[in-house]
Amino acid sequence: MAYDTKVWRCGKYTLTFDRPRIMGVLNVTPDSFSDGGEHFDTDAAIAHGLAMLDAGADIIDVGGESTRPGFRPVNADEEARRVLPVVRALAAKGAVVSIDTRHVEVAKAAVRVGASIVNDVTGFTDPKMVEFVAKNTCGVIIVHAGEVSEQPARARTAVQLDTSAAAFVAERAREAEEEAAAAKSGKAKRARGKRTGKLGATFVQPQLPFGEAFGSEEKEATPSAEVAPAAHDEVPADGAVSGQDASAGAQGADGQEASLVVDELAAVMRRSALRAEAYVSTYQPRRFTLPDSAPIMRRVMGFLSDQARALVRAGVSRDRICIDPGAGFGKSANEDVIIQRETAKMASLGYPLLCAVSRKRFIGAVSGVEEAADRDAATFGVCLGAIENGANIVRVHDVAGFAQFLNGFWSVARPQPRRAFVALGSNMGNRTDNIRAARDLIAEIPLTCVSNCSRIYESEPAYETRQAPFANAVVEIKTELAPLVLLDELLSIENSLGRNRTKSARPNGPRVIDCDLVWMDGERHGGDKLRLPHPKLGERDFVLVPLEDLMHDPARFFRYEGVEVLEPEERIGHVVGELGSL
């Protein structure tokens with residue numbers, strides 16, 4: 001399957017797709033279509049981002065400008081003010097952060113404070129954005145935002161021609177008289193020219209302004225980029241924001257020319273909103289429930305392929321590129337359904353594929369759910385269909401719900417044991433017995449087995465030295481559980497063996513048992529609940545030494561995995577002896 005082999009390199013992170021990845025939506029805006037204002041406060045946004053990480057999100061997509069139909073554009077300074085503190089805080093917690101922006105200034109600042117991905121809704125059609133990402137190592141998401149079908153035929157004035165026999169005979173007689181008169185005066189050539197445009201002429205009715213189809217209000221130009229432009233402003237079919245001049249001039253009373261800036265993405269989304277609000281029937285009988293998919297997919301896949309090639313030519317490595325067909329951006333419900341049904345074709349382009357359909361209007365259309373916030377169940381169904389056809393990442397609002405949904409599906413649909421290492425430690429009671437008991441309980445975790453064990457070592461206490469020496473070991477396991485699900489099982493084992501988790505327990509102090517998930521194949525995770533790889537793995541001698549029993553040169557292995565591993569003399573919790581076999 002497509003998700004088995006693709007790799008996405010995003011700065012210091014490398015994401016693999018042996019399982020689908022979850023991107024959590026974090027809108028730091030007052031007007032997003034389903035959660036506008038809920039996380040507009042910086043502290044609330046950071047807390048929600050951390051909660052999504054702890055619920056199972058692999059990526060947090062932070063956006064400071066709503067791009068809902070009919071949205072009001074936000075300038076780069078305001079957008080940066082909204083998102084930068086959130087990006088900085090989440091990146092500091094080890095999160096893979098995506099910045100959802102079309103402003104190169106915001107993208108630069110976000111990457112500087114820790115963002116690993118630039119998600120550009122205009123598909124990197126701004127040369128300055130291309131130049132920026134070409135000089136960095138961040139991941140990029142190319143989004144198709146624009147109309148994908150030809151606009152409906154505009155109204156034309158009917159032209160009635162008199163084609164009766166009498167009129168035809170009279171016309172021919174008149175022409176003969178004119179030719180005879182012209183021949184006598186030496187003007188026959190001019191007379192023949194006059195016949196063009198008579199009976200056999202082609203009549204072309206001038207096209208009506210696009211805005212007239214939706215009402216006179218759309219004829220008014222907007223005074224600034226803060227207001228959505230007129231619906232009849234022309235936008236390329238693929239929705240690209242080009243470098244062409246997009247301003248209009250008007251002469252005032254003083255003769256000065258006023259420049260009117262037109263936001264092309266806002267124009268696309270405004271037209272999309274108008275089509276839904278002021279639908280005008282273009283009924284014609286047809287045999288199929290949906291339009292022909294070929295022209296739609298040519299536009300979407302053609303744009304995505306062209307922009308990906310342009311980025312590669314500019315210097316962006318292919319394994320940094322992800323593509324998104326842009327559900328809801330200037331597309332009708334029928335078109336969005338067609339695009340989702342063709343997920344396998346888009347996946348065949350070879351890039352990681354993002355399914356970003358959460359709570360969109362077409363989800364409401366196919367499910368009959370009017371309120372956007374109530375569309376999560378239908379969203380999960382569409383995302384599952386996309387995953388089955390090769391989508392690698394799903395962008396959702398309800399991370400906890402979708403993670404639970406995906407874990408349930410994946411456990412029965414995709415047998416996929418992965419290797420992980422669990423570090424065990426104890427310095428209270430019978431230390432070696434505690435470690436052996438923990439090992440036995442780990443082997444009883446569902447969809448999990450213990451495949452190898454290190455010897456038991458004695459080590460100096462770390463971080464807090466005023467306590468008894470520890471007994472330490474590492475067990476190698478194979479598991480089909482998601483990392484956070486496995487972590488909950490390990491915490492349950494600690495509780496069952498009597499670990500004290502009350503406020504009286506000292507951090508890094510004495511404990512009956514400690515079960516740390518330190519590494520899992522293909523997994524990188526941030527947040528307060530779980531960090532993978534374990535952020536202190538490279539400094540702990542009492543973990544690295546037992547790992548030498550399970551693999552050749554663990555220091556080299558983890559350095560290759562991006563973990564900073566200290567030299568033995570620089571580590572803490574040094575191993576001082578052996579306590580026997582585990």
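Remember, predicted model here, so these are calculated numbers, not experimental data.

With respect to the sheet that holds strand β12 (residues 393-396)
With respect to topology, 8 strands assemble into an open sheet ordered β10-β7-β6-β5-β4-β3-β12-β11, the strand pairing being parallel. Only two strands of the sheet have a single partner each, and these edge strands are β10 (321-324) and β11 (354-355). Relative to strand β4 (residues 59-63), strand β3 (residues 21-27) is paired through 5 bridges, and the arrangement is parallel. Counterpart to Leu 26 in the pairing with β4 is Val 62. The strands that helix α12 (residues 376-388) touches are β11 and β12; relative to β12, the one it contacts most, it runs at about 170 degrees.

So, the pairing of strand β1 (residues 7-10)
The two faces of β1 differ: Trp 8 and Cys 10 on one face are buried, but Val 7 and Arg 9 on the other face are not. As defined by bridge partners, β1 adjoins strand β2 (residues 13-16) across 4 bridges and the pair is classed as antiparallel. Opposite Arg 9, over in β2, you have Thr 14 as the bridge partner.

Side note on the pattern of salt bridges
Taken as a whole and assessed by the stated rule, the structure comprises 35 salt bridges. Measuring nitrogen to oxygen at the nearest pair gives 3.6 Å for the salt bridge that ties Asp 58 to Arg 21. With Asp 58 in the loop between α1 (42-55) and β4 and Arg 21 in strand β3, this residue pair connects regions lying 37 residues apart in the sequence. Assigned by exposure class, Asp 58 and Arg 21 land together as buried. The structure contains a network of salt bridges with shared partners spanning Asp 18, Arg 19, Arg 21, Asp 58, Arg 418 and Glu 523.

Here's the deal with empty space enclosed by the protein
Gaps left between atoms are located by rolling a probe of water-molecule size over the structure's atoms. The tally for this structure, following the rule as stated, stands at 1 cavity of 30 Å³ or more. If you add up the space inside the largest cavity, you get close to 30 Å³. Pro 325, Gln 340, Thr 343, Met 346, Leu 353, Leu 354, Cys 355, Ala 386 and Ala 391 together form the lining of the largest cavity. Contributions of two or more residues to the lining of the largest cavity are made by α10 (343-347) and β11. Considered class by class, the residues forming the lining of the largest cavity number 7 nonpolar, 2 polar and no charged.

Quick word on unusual backbone geometry
The peptide bond linking Leu 532 to Pro 533 adopts the cis configuration, its omega dihedral lying at -10 degrees. In this fold, Pro 533 is placed in the loop between β17 (514-520) and α16 (541-547). For Asn 508, which is not a glycine, the phi torsion comes out positive at approximately 60 degrees. Tracing the sequence through the fold places Asn 508 in the loop between α15 (483-496) and β17.

A few points about the layout of surface pockets
Here the second largest pocket is characterised by a volume of approximately 990 Å³. Forming the boundary of the second largest pocket are 41 residues, of which Arg 499, Arg 511, Asp 514, Asp 516 and His 534 lie nearest the centre. Per element, the largest residue contribution to the lining of the second largest pocket is 4 residues, and it comes from β17. Taken together, the residues of the lining of the second largest pocket break down into 19 nonpolar, 8 polar and 14 charged.

Side note on helix α8 (residues 293-314)
The end-to-end C-alpha distance of α8 is 31 Å, a good match for the 32 Å that 22 residues give at a rise of 1.5 Å each. Among the residues making up α8, those that are buried are Ile 296, Met 297, Val 300, Met 301, Phe 303, Leu 304, Ser 305, Gln 307, Ala 308 and Leu 311. The secondary structure elements touched by the buried residues of α8 are α4 (127-134), β7 (139-143), β10, α9 (333-341) and α10. Between the side-chain oxygen at the start of α8 and the backbone nitrogen of Ala 294 there is a gap of 3.3 Å, and the oxygen is on Asp 292. Looking one or two residues beyond α8, the residue adopting positive phi is Gly 315, at roughly 120 degrees.

Some thoughts on the state of the cysteines
Such a bond, covalent and formed between the sulfur atoms of two cysteines, is termed a disulfide. Inspection of every chain in the model, using the stated rule, returns 0 disulfides. Looking at the unpaired Cys 322, the closest cysteine sulfur is the one in Cys 10, lying at 8.1 Å.

Comments concerning the packing of aromatic side chains
Counted according to the given criterion, the structure contains 8 aromatic pairs. Pairing Phe 557 with Phe 558 gives two aromatic rings, centres 5.1 Å apart and planes at 85 degrees, and the pair type is edge-to-face. Its relative accessible area of 24% is what places Phe 557 among the partly exposed residues. Here Phe 558 falls in the buried class, since its relative accessible area comes to 0%. A network of ring pairs unites the aromatic residues Phe 421, Trp 519, Phe 557 and Phe 558 as a single cluster. The ring of Tyr 351 carries the charged tip of Arg 318 above its face, separated from the ring centre by 4.1 Å.

Cut-offs and rules
- Residues numbered from 1 in each chain as written.
- Predicted model: local features only at pLDDT ≥ 70, side-chain atom pairs only at ≥ 80, totals over all residues.
- Heavy atoms only, no water.
- Pairing = 2+ DSSP bridges.
- Helix = DSSP H or I, 4+ residues; strand = E, 2+ residues; numbered from the N terminus.
- Contact = heavy atoms within 4.5 Å.
- Axes fitted to C-alpha atoms, helices over the stretch in contact; angles between N-to-C directions.
- Buried < 20%, exposed > 50% of the residue type's maximum accessible area, 1.4 Å probe, protein only.
- Salt bridge = Lys/Arg side-chain N within 4 Å of Asp/Glu carboxyl O.
- 1 Å grid on protein atoms, 1.4 Å probe; cavity = no way out; pocket = protein on both sides within 12 Å on 5 of 7 lines; lining within 4 Å.
- Points joined across faces, edges and corners; volume = space filled by probe spheres on them.
- Nonpolar A, V, L, I, M, F, W, Y, C, P; charged D, E, K, R; others polar.
- Expected span 1.5 Å × (residues − 1).
- Polar contact = N/O pair within 3.5 Å; in protein donor to acceptor, adjacent residues only side chain to side chain.
- Disulfide = S-S within 2.5 Å.
- Phe/Tyr/Trp six-rings, centres within 6.5 Å; stacked < 30°, edge-to-face > 60°.
- Lys NZ or Arg CZ within 6 Å of the ring centre and 35° of its normal.

All quantities given are derived from atomic positions and should not be read as evidence of function.
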